[in-house]
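Chain and residue survey
Listed here are the chains, written in short residue letters.
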Amino acid sequence: MSEPASISFGIAQRYASAVFDLALETKSLDSVEKDVDALAAVLAESDELRELINNPVYSREEQGAAIVAVATQMGVSDITKNTLALMASKRRLFAMPQLIVALREKIAAFKGEVTAEVVSATALTDAQKDKLAAALKESVGKDVKIEAAVDETLIGGLVVKVGSKMVDTSIRSKLNALQNAMKEVG
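Keep in mind the model is a prediction, meaning the values are calculated, not measured.

Turning to the overall build of the protein chain, a few remarks are in order. Looking only at helices and strands, one finds eight helices and four strands in the protein chain. Seen in sequence order, the protein chain has helices and strands lined up from the N terminus as α-α-α-α-α-α-β-α-β-β-β-α. Reported as C-alpha extents along the three principal axes, the dimensions of the protein chain are approximately 65 × 35 × 30 Å. Out of the 186 residues belonging to the protein chain, those deemed buried represent 33%. Split by element, the accessible area of the protein chain, about 11300 Å² in all, is 56% carbon and sulfur. Side-chain charges in the protein chain split into 22 positive and 26 negative, and the spacing between the mean points of these groups amounts to 4 Å.

This is how it looks when you write it as structure tokens:
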């Protein structure tokens, strides 16, 4: 792990521990979990938000006002909003992506869940996600939360990653394997 990534990870872990403990104490873990999912979605979609949290040109006050406005607009809990405001005041918003990851891990561990990253060629329906989660639960032995993404270059099939295990049933990988086999023959 590079030094800046290690520093960000350490900062994020401390904030995540504090937020998690506070959420448990105030019995608001479910709302914080929803906040984390919403923040992850907004961060993935918004170039402006990524620019705000990573650009040192913005002052503490500008970052703080902007992140509080975003959090208020999103309707996140006070715990999440106050944490983001504190991070802005300490010039720590750059660690927000790692905070999201760390909080998700803490919440999942508390609930006895694992997260499965699923990439498909087309968006999965809720019924497909539920069926996949049930099948993975049988295999893993824990409740499985599906994080779905779409990659049209897969052509068809799925790429499923749970922890350090990955299963690639995409047509793209099968075509690549066939192409390699044909190269070996010729």
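Still more to cover.
As a further point, take the sheet that holds strand 2 (residues 143-150). The strands that make up a sheet are held in pairs by hydrogen bonds between backbone atoms, and each pair lies either parallel or antiparallel. One open sheet holds the four strands; their spatial order is 2-1-3-4, and the pairing between them is mixed. Each edge of the open sheet is held by one strand with a lone partner, namely strand 2 and strand 4 (165-168). The mean inter-strand angle of the sheet, taken between neighbouring strand axes irrespective of direction, is 20°. Across five bridges, the pairing between strand 1 (residues 113-120) and strand 3 (residues 158-162) is antiparallel. From the neighbouring strand, alanine 116 faces strand 3, where its bridge partner is valine 162.

Time to look at the packing of aromatic side chains. All told, the structure shown has one aromatic pair when counted by the stated rule. Relative to phenylalanine 110, the ring of phenylalanine 20 has its centre 5.7 Å away and its plane inclined at 75°; by these criteria the two rings are edge-to-face. Separated by 90 residues along the polypeptide, phenylalanine 20 in helix 1 (residues 3-25) and phenylalanine 110 in helix 6 (residues 96-111) bring together distant segments of the chain. You can call phenylalanine 20 buried: its relative accessible area is 11%.

All right, on to the side chain of serine 77 then. You can see serine 77 is positioned in the loop between helix 4 (60-74) and helix 5 (78-89). Classification of serine 77 by relative accessible area gives buried; the value is 17%. Of note is the side chain of serine 77, whose polar atom sits 3.2 Å from the side chain of threonine 80. With near-sequence residues (within four places) excluded, serine 77 lies in contact with Ser31, Val32 and Asp35.

Definitions and cut-offs
- Residues numbered from 1 in each chain as written.
- Predicted model: local features only at pLDDT ≥ 70, side-chain atom pairs only at ≥ 80, totals over all residues.
- Heavy atoms only, no water.
- Helix = DSSP H or I, 4+ residues; strand = E, 2+ residues; numbered from the N terminus.
- Buried < 20%, exposed > 50% of the residue type's maximum accessible area, 1.4 Å probe, protein only.
- Areas by Shrake-Rupley, 256 points an atom, 1.4 Å probe, with all protein chains shown as cover.
- Lys, Arg positive; Asp, Glu negative; His and termini not counted.
- Charge placed at Lys NZ, Arg CZ, Asp CG, Glu CD.
- Pairing = 2+ DSSP bridges.
- Axes fitted to C-alpha atoms, helices over the stretch in contact; angles between N-to-C directions.
- Phe/Tyr/Trp six-rings, centres within 6.5 Å; stacked < 30°, edge-to-face > 60°.
- Polar contact = N/O pair within 3.5 Å; in protein donor to acceptor, adjacent residues only side chain to side chain.
- Contact = heavy atoms within 4.5 Å.

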